[in-house]
Amino acid sequence: MKRTLAVLAIGATALLAFASPASAATVCPTWKLQSIVTEWGDPADGSKIVDGGTVVLTKPAGGGTEFATADAGIVLETPADITVTYELDDEADFTAGAVRLFYYDTADADTLTTAPTAFVAADAKSGTLTIPDVTTIGTLGLVYDASNSASGSVTFTDLKVGDNTVSFTDGACKPASPSPAPSSASPTTPAGGGGATSS
């Protein structure tokens, strides 16, 4: 039996309708990477978006780093799990819930002072974080915070909602640029091949 899902990516793509698990989509919300010690600011050195599927969060001394989208705009007709894989470097520590996946069912949530709709914390140096049975995702994020005094970095990869990929960049959702049509004034290669000729 096929389950029908609908995903709405506000500000990123139009309404996508698809069947799961027969097909899946990629959603490209707008993300913000930032760190905090006393107030939000630029991300700590070492924090970076590697590509559409990988982000590295490095904790500043006495603070934390968050990577979140305030308007994921994901609505599912059938509940699905949010999953992400993670790996801590040698200096990082997961204790006290410092490494987390979280979401709110509303957009523009205050992630600093308001408890999320649900979250899951890492309990090992690497693994997969899973929040089960989600239908509406407004704010979605990853964090390595000041719950413990460790430093180091956490690498998160392959964020998904059900079978659908949530990209960390918008490249996967942009249509491919068409190849330019050849110009009648374009130079041609002489018969027999080879670029330059000599006389």
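Everything below is about the structure printed above this text.
What you see is a predicted model, and the numbers here were worked out from it, not measured in a lab.

J.: It is not clear to me how the side chain of T54 should be interpreted in this structure. Could you clarify?
T.: Assignment of secondary structure puts T54 in strand β7 (residues 54-58). Excluding residues within four positions of it along the chain, T54 makes contact with I49, T155, F156, T157 and F168.

J.: Mind showing me how you'd approach the nonpolar core here?
T.: One recurring pattern in soluble globular proteins: nonpolar side chains tend to sit buried together. Within the largest apolar cluster, 34 residues are counted, with the highest numbers of intra-cluster contacts made by I82, L101, I137, L140, L142, F156 and L159. Secondary structure elements with two or more residues in this core: β7, β9 (74-88), β10 (99-104), β12 (126-137), β13 (139-144) and β14 (153-161). Of the residues forming this core, the biggest block, 7 residues, is contributed by β9. Setting aside chain neighbours within four positions, we find L101 in contact with I82, V84, A118, F119, V120, L129, I131, L140, G141, L142 and L159. Counting residues in hydrophobic clusters, the runner-up holds 5 residues, among them A68, F102, Y104 and A109.

J.: Before we go on, may I ask you to explain the state of the cysteines in this structure?
T.: Working definition: the covalent bond between the sulfur atoms of two cysteines is a disulfide. For the structure shown, the criterion picks out 1 disulfide. Residue C28 pairs covalently with C173 via a disulfide, S to S 2.0 Å. Its torsion about the S-S bond being 85 degrees, the disulfide of C28 and C173 is classed as right-handed. One end of the pair, C28, is in the loop between β3 (26-27) and β4 (32-36); the other, C173, is in the segment after β15 (164-166), with 145 residues separating them in the sequence. Of the residues examined, C28 reaches a relative accessible area of 4% and is grouped as buried.

J.: When you look at the pattern of salt bridges in this model, what are you seeing that I'm missing?
T.: Oppositely charged side chains are able to pair whenever their charged atoms sit close together. In this structure the tally under the stated criterion is 1 salt bridge. With a shortest N-O distance of 2.7 Å, D145 and R100 are connected by a salt bridge. Of this pair, D145 sits in the loop between β13 and β14 while R100 sits in strand β10, placing them 45 residues apart in sequence. With a relative accessible area of 15%, D145 lands in the buried category. For R100, a relative accessible area of 19% gives the class buried.

J.: Can you help me understand the environment of W31 in this one?
T.: Counting through the fold element by element, W31 comes out in the loop between β3 and β4. Here W31 falls in the buried class, since its relative accessible area comes to 13%. For the pair W31 and D170, spaced 139 residues apart in sequence, the C-alpha separation works out to 9.5 Å. Once residues lying within four places of it in the same chain are set aside, the contact partners of W31 are F67, A68, T69, L140, G141, L159, V166, S167 and F168. Within the local environment of W31, its side chain forms a polar contact with the backbone oxygen of S167, the two atoms lying 2.8 Å apart.

J.: Before we go on, may I ask you to explain the packing of aromatic side chains in this structure?
T.: Enumeration over the complete set of coordinates arrives at 4 aromatic pairs. Note on W31 and F67: the rings are 4.5 Å apart at their centroids and 10 degrees apart in plane angle, and the pair reads as stacked. Linking W31 in the loop between β3 and β4 with F67 in strand β8 (residues 64-69), this pair joins segments that are 36 residues apart in sequence. Their ring planes at 85 degrees and their centres at 5.2 Å tell us that F67 and F168 sit as a pair that is edge-to-face. Here F67, found in strand β8, pairs with F168, found in the segment after β15; they are 101 residues apart in sequence, far enough to count as distant. Of the two residues, F67 and F168, neither departs from the other in class, the shared state being buried.

The rules behind these values
- Residues numbered from 1 in each chain as written.
- Predicted model: local features only at pLDDT ≥ 70, side-chain atom pairs only at ≥ 80, totals over all residues.
- Heavy atoms only, no water.
- Helix = DSSP H or I, 4+ residues; strand = E, 2+ residues; numbered from the N terminus.
- Contact = heavy atoms within 4.5 Å.
- Core = buried A, V, L, I, M, F, W, Y, C linked by side-chain atoms within 4.5 Å.
- Buried < 20%, exposed > 50% of the residue type's maximum accessible area, 1.4 Å probe, protein only.
- Disulfide = S-S within 2.5 Å.
- Salt bridge = Lys/Arg side-chain N within 4 Å of Asp/Glu carboxyl O.
- Polar contact = N/O pair within 3.5 Å; in protein donor to acceptor, adjacent residues only side chain to side chain.
- Phe/Tyr/Trp six-rings, centres within 6.5 Å; stacked < 30°, edge-to-face > 60°.

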